[in-house]
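# Tertiary structure, described
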Amino acid sequence: MDSIVTLTMNPALDITVAAEAVRPTSKIRCSRARYDAGGGGINVAKIAHVLGAPVSAVFPAGGASGDLVSRLVVEAGVPFRRIDIAEPTRESLTVDETATGLQYRFVLPGPRLTPSEQARCVTQLLVEASSAQFVVASGSLPPGVPADFYQRIADVCGEAGVRFVLDASGAGLQHVNRGVFVLKASERELRECVGRDLTSESEQLDAAHELVESGRAEAVVVSRGAQGALLATRTESCRFTAIPMRAVSGVGAGDAMVAGITVGLTRGWPLSTAVRFGMAAGAAMLMTPGTAPCTRADTERLFEIAEEPVEVAVVCG
């Protein structure tokens, strides 16, 4: 039995290189490339596996890039179910500029999935989720997949009696209106979801509580980078302080946070404790190159020093 099943509708072959400087029109001489299996749900699965949770990953893949992603997931020790598709899996490029410490990320849109390929993804997810505690859907939707796809996943999870954790953006997030157990959103994603500027913590908490009160999610976690995180439920309104960390790479930190939260929930922890564990996993992820998963030892160590959340005034409902 897998405690967690992840869904990645738009996986990627993540390629990470270093270059002294990134300049227009010039040839950029790069270091030897690092290859990782990426995409939100795959990253969540890799990290949940490292943290000791039984997990499996469901994702579509095609072409030589899809074959390499599948091989890398095997090497990571994560059980998975691949849905073969006609078009090749996308590639994403991250360039670390050594002269400045800046990071440049180039993300391709991904393959176009046919309706039958999409249907096979849903069917396989249902098979895997039949004995799971949580389904985690994370990442962008590829071309051809309708904007309300994640709402369909929320509905089938509800019918199957499994709790649904969502980390999405854009239209895929905006078209979800019910059935999410935990919604993780960045500040930008929260703005997109409610359709207005959110310039202060109180406005962000207000927006998060709106999503809870409207029935879109039972809990909303807002990741705020160096400012920490917020948690909104019908009975809670909490602020979490960020764990100070010098970043090697910011790629995958949000996915690590989602993985940590979900793993904490499988351990039976209160949601606020699970969020604190997710923040520790996200901070640990900053220490790794590319989308290489954080270590369990680093996550547990950072969890021990993470501050307890502070309750703040509930601003809505």
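Above this text sits the structure in question.
A brief look at the structure comes next. Fair warning: this is a prediction, and the values are worked out from it, not measured in the lab.

Rules and cut-offs
Per-chain numbering applies: the sequence of each chain, read as written, is numbered from 1 onward. Per-residue local features are limited, in this predicted model, to residues with pLDDT of at least 70; the limit for side-chain atom pairs, both in listing and counting, is 80 or more; totals at the level of whole chains, interfaces and linings are taken over all residues. Only hydrogens and water are set aside; all other atoms, that is, all heavy atoms of the structure, feed into the side-chain values. Only DSSP runs of H or I covering at least 4 residues are called helices, and only runs of E covering at least 2 are called strands; the numbering of each starts at the N terminus. We take the radius of gyration over the C-alpha atoms and set the globule estimate at 2.2 Å times the residue count to the 0.38 power. In what follows, a contact means two residues having at least one pair of non-hydrogen atoms within 4.5 Å. All accessible areas in this document rest on Shrake-Rupley with a 1.4 Å probe, and a residue is counted as covered only by the protein chains that are shown. His is not counted, nor are the chain ends, whereas Lys and Arg count as positive and Asp and Glu as negative. Note that the charge is assigned to NZ on lysines, CZ on arginines, CG on aspartates and CD on glutamates. Axis lines are fitted to C-alpha atoms, over the contacting stretch for helices. Their N-to-C directions set the angle, which ranges from 0 to 180 degrees. Note on terminology: angles under 35 degrees are roughly parallel, angles over 145 are roughly antiparallel, angles of 65 to 115 are roughly perpendicular, and the others are oblique. Left-handed is the label given to a crossing in which the near helix is rotated counterclockwise from the far helix by less than a right angle, and right-handed is the label when the rotation is clockwise. Ten residue types, Ala, Val, Leu, Ile, Met, Phe, Trp, Tyr, Cys and Pro, are classed as nonpolar, four, Asp, Glu, Lys and Arg, as charged, and the remainder, Gly among them, as polar. Strands are treated as partners if at least two bridges between them are detected by DSSP. Nonpolar core, defined: a set of buried Ala, Val, Leu, Ile, Met, Phe, Trp, Tyr and Cys residues in which side-chain atoms within 4.5 Å join the residues together. Only protein chains enter the calculation, and the probe is 1.4 Å; a residue is then buried if its accessible area is under 20% of its type maximum, exposed if over 50%, and partly exposed in between. Stacked, tilted and edge-to-face are the three classes applied to pairs of Phe, Tyr and Trp rings, where Trp contributes its six-membered ring and a pair requires centres within 6.5 Å; stacked means planes under 30 degrees apart, edge-to-face means over 60, and tilted covers the rest.

### Comments concerning the overall build of the protein chain
Summing up its helical and strand segments, the protein chain has 10 helices and 14 strands in all. For a compact globule of 317 residues, the expected C-alpha radius of gyration is about 20 Å, and the protein chain comes in at 19 Å, within 12% of that figure. When the backbone C-alpha atoms are referred to their principal axes, the protein chain occupies close to 55 × 45 × 40 Å. Across the protein chain, every contact between residues at least 6 apart in sequence was considered, and the portion connecting residues at least 24 apart equals 65%. Summed over all atoms, the accessible surface of the protein chain reaches about 13,400 Å², with 51% contributed by carbon and sulfur. Looking at the protein chain, you have 29 positive and 35 negative side-chain charges, and the mean spots of the two groups are 5 Å apart.

### Here we look at the packing of helix 3 (residues 115–129) against helix 4 (residues 149–160)
Put simply, helix 3 and helix 4 touch, their axes get as near as 11 Å, and they point 30 degrees apart. It follows from the interaxial angle that helix 3 and helix 4 lie roughly parallel. Helix-helix and strand crossings are classified by hand; for helix 3 and helix 4 the assignment is right-handed. Packed against helix 3, whose contacting residues are Gln118, Val122, Leu125 and Leu126, the element helix 4 presents Phe149, Arg152, Ile153 and Val156 at the interface. Of the residues contributing to the contact of helix 3 with helix 4, the split by class is six nonpolar, one polar and one charged.

### Observations concerning the sheet that holds strand 8 (residues 134–138)
Read across the sheet, 10 strands follow the order 5-4-1-8-9-10-11-12-13-14 without closing on themselves; strand pairing throughout is mixed. Edge positions in the sheet fall to strand 5 (80–84) and strand 14 (310–311), since each has one partner strand and no second. In the packing of helix 4 onto the sheet, the strands contacted are strand 1 (4–7), strand 8 and strand 9 (163–167), and the crossing angle to strand 9 comes to about 160 degrees. In the packing of helix 7 (residues 201–213) onto the sheet, the strands contacted are strand 10 (180–186), strand 11 (217–223), strand 12 (229–232) and strand 13 (237–240), and the crossing angle to strand 11 comes to about 155 degrees.

### With respect to the nonpolar core
Soluble globular proteins: nonpolar side chains tend toward being buried together. If you look at the biggest cluster of nonpolar residues, it comprises 56 residues, and the most contacted ones within it are Val182, Leu231, Ile261, Leu265, Leu271 and Val275. With 10 residues, helix 9 (residues 271–285) is the single largest residue contributor to this core. Discounting residues that sit within four places of it in the chain, isoleucine 261 has contacts with Val221, Leu271, Ala274, Val275 and Gly278. In terms of nonpolar packing, the next biggest core, distinct from the first, is built from 44 residues, Val5, Val176, Cys193 and Val212 among them.

### Points about the pairing of strand 4 (residues 55–61)
With respect to burial, strand 4 is a largely interior element, seven of its seven residues being buried. The two faces of strand 4 match: Val55, Ala57, Phe59 and Ala61 on one face and Ser56, Val58 and Pro60 on the other face are all buried. With four bridges connecting them, strand 1 and strand 4 associate as parallel partners. By the bridge assignment for strand 4, valine 5 is matched with serine 56. In this structure, strand 4 lies alongside strand 5, joined through five bridges in parallel fashion. Paired with phenylalanine 59 across the bridge in strand 5 is arginine 82.

### Overview of unusual backbone geometry
With a phi close to 70 degrees, threonine 25 is a non-glycine residue in the positive phi region. Within the fold, threonine 25 resides in the loop between strand 2 (12–19) and strand 3 (34–38).

### Brief notes about the packing of aromatic side chains
One pass over the structure, following the stated rule, counts six aromatic pairs. Each ring, one from phenylalanine 134 and one from phenylalanine 181, has its centre 6.2 Å from the other, and the planes form 35 degrees; the classification is tilted. On the criterion of sequence distance, the pair formed by phenylalanine 134 in strand 8 and phenylalanine 181 in strand 10 is long-range, its members being 47 residues apart. By the burial criterion, phenylalanine 134 is buried, and phenylalanine 181 matches it. Arranged with centres 5.2 Å apart and planes meeting at 85 degrees, the rings of phenylalanine 277 and phenylalanine 303 form a pair that is edge-to-face.

Coordinates in, geometry out; function isn't part of it.
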